[in-house]
Amino acid sequence: MRQALLTIAALLIAAAILLAGNGLQNTLLAVRGNLEGFSLTAIGLLLSSFFVGFIAGCKLTPVFVKNVGHIRTFTALASVASAAALGHALFVDPIWWMALRVITGLCIAGLNMIIESWINERAPSEKRGRILAVYRMVDFSALLVGQALLTLADPLGFALFAVVSILISLALVPVALSTAVAPQPIKGAQLNIRKLWTISPVAAAGTLSCGAANGAFWALGPVFIQQVGYEIGAVATFMSAVILGGAMGQWPLGVISDLVDRRRVIAGIAFGAVIASAVIVVYGTVSLWTLLPAAVAFGAMSMPIFAISAALAHDRAEPGEYVETSGGLLLLYGVGAMIGPLVGAIVMDWAGAQALFVFAGSVYVIYGGFSLMEIRRRPPVPFEDKAAYVGVPRTTPTVFELAPQEEEDTAYDASTLPDGVPRG
């Protein structure tokens, strides 16, 4: 295992630097936009715009790589993303920032796709699960570091935008200097909502709901902290608490979902997210020490929904469709993340800062109720047909090629079952 990690160490370092820079940038723009007097709708649109670019990047990056190769594509995207980060400081204007966020979303999607395709190529088949777990730890750790960096300087200054630009530029170094052979061409991700809904309505609705509610949180959570009266330093603490909760909840809830009907787990944690949201609304302004446990609970309940939904969809998908199905769900998450921040901003503008978590709780209570209806309407997947849960980061569709299920699907012999036999 140690040797396997050493072969991809440079790529993991590049991913960590990139994720930390992007995490800092997301929070910084929300905080700075609020301090500059941007409307809540404009701040919500900043993250919506990012996911417009993200979906475009998932579609266009394979074309770029096919035409000019991995290293040149990575270099170009990193350079553009680094310049875009500095561009926010040059002109403080919501329309200009939205345009830059589209560009940034496209670049970040492409950069992550290239890193993840390279990791996938270098990862030994028998160690995929453990390497993916390490990558998941890198993902969460980098997000926490990104939030901590917010406290280094005044958000109204130039320094933090420079830090973002430096981090994105530094992510280029390990990849550019790598002597590893470039991976195979990247596969494009397809979004087929009708097919995803047919495979598993609960999984499709889960990723869409998670994108809407959590997307609103990522875009407007920093603004919520500012508007309810906490200092700027509390923004990093609050966002880190949610991320930490998400990290803590992933594996225990995933293991439980392997043992029982995943839809019951999803419904349970959806209602858990509703309770956590209600606590934040009612008691979040009492003190930071009251707010933080509820923030941890919100992260622990809401963040695992995507990965468990992906596992549920894989339980019901045809063998050999793991990457296609899970990648499509990620793009559906992106659709939700385009809509959620805008709706969340409108609700906050109308009813106040706490309305952000009223919105998130409303999304999850509707989704939890829908999941219970589906449990009654459709039988669960037989235990012997369930695939093992794997906590895959919500980065790009390419990361799903690293999951152990992909190896299992590749090895599957379709002749072992007659045509038309469902998996559950």
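Refer to the structure printed above.
Thresholds, definitions, all that
- Note on numbering: residues in each chain are counted from 1, in written sequence order.
- Per-residue local features of the predicted model are confined to residues with pLDDT of at least 70, and side-chain atom pairs are confined, for both listing and counting, to 80 or more; whole-chain, interface and lining totals are unaffected and use all residues.
- Values reported for side chains reflect all heavy atoms of the structure, with hydrogen atoms and water molecules removed beforehand.
- Aromatic contacts are taken between Phe, Tyr and Trp rings whose centres are within 6.5 Å, Trp giving its six-membered ring; a plane angle under 30 degrees counts as stacked, one over 60 as edge-to-face, and the others as tilted.
- Helix and strand assignments come from DSSP, with helices taken as H or I runs of at least 4 residues and strands as E runs of at least 2, each series counted from the N terminus.
- To sort residues, take the accessible area from a 1.4 Å probe on protein chains only and compare it with the maximum for the residue type: under 20% means buried, over 50% means exposed, and anything in between is partly exposed.
- Any helix carries an expected span of 1.5 Å times its number of residues minus one.
- By definition in these notes, contact holds between two residues if any of their heavy atoms fall within 4.5 Å.
- The definition of a nonpolar core used throughout is a set of buried Ala, Val, Leu, Ile, Met, Phe, Trp, Tyr and Cys residues joined through side-chain atoms within 4.5 Å.

Chemist: Is there a simple way to explain the packing of aromatic side chains in this structure?
Modeler: For any two aromatic rings, the description comes down to two numbers: the centre-to-centre distance and the angle of the planes. For the structure shown, the criterion picks out 16 aromatic pairs. Consider the rings of W97 and F161, whose centres lie 6.2 Å apart with planes at 65°: the pair is edge-to-face. Note that W97 is positioned in helix α5 (residues 94–122) and F161 in helix α7 (residues 159–176), a separation of 64 residues in sequence. Looking at F161, the relative accessible area reads 1%, which means it is buried. Through successive ring pairs, a cluster of aromatic residues spans F217, W218, F224, F238, F298 and F357.

Chemist: For this particular structure, what's the right way to read helix α4 (residues 70–90)?
Modeler: Because the α-helix completes a turn every 3.6 residues, residues three or four places apart line up on one side. Taking 1.5 Å per residue as the helical rise, α4 with its 21 residues ought to reach 30 Å, and the 30 Å between its terminal C-alpha atoms agrees with that figure. Residues H70, T73, F74, L77, A78, A81, S82, A84, A85, G87 and H88 constitute the buried set of α4. For α4, the elements touching its buried residues are α2 (9–35), α3 (40–68), α5 and α7.

Chemist: Even after reading the chapter, I still don't get the nonpolar core, so can you show me in this structure?
Modeler: One recurring pattern in soluble globular proteins is that nonpolar side chains are buried together. Counting 135 residues, the largest nonpolar core has I115, I119, F224 and F238 as the members making the most contacts within it. Tallying contributions element by element places helix α9 (residues 201–227) first for this core, with 14 residues. When near neighbours in sequence (up to four residues on either side) are disregarded, I119 contacts I8, L11, L12, I131, Y135 and L402.

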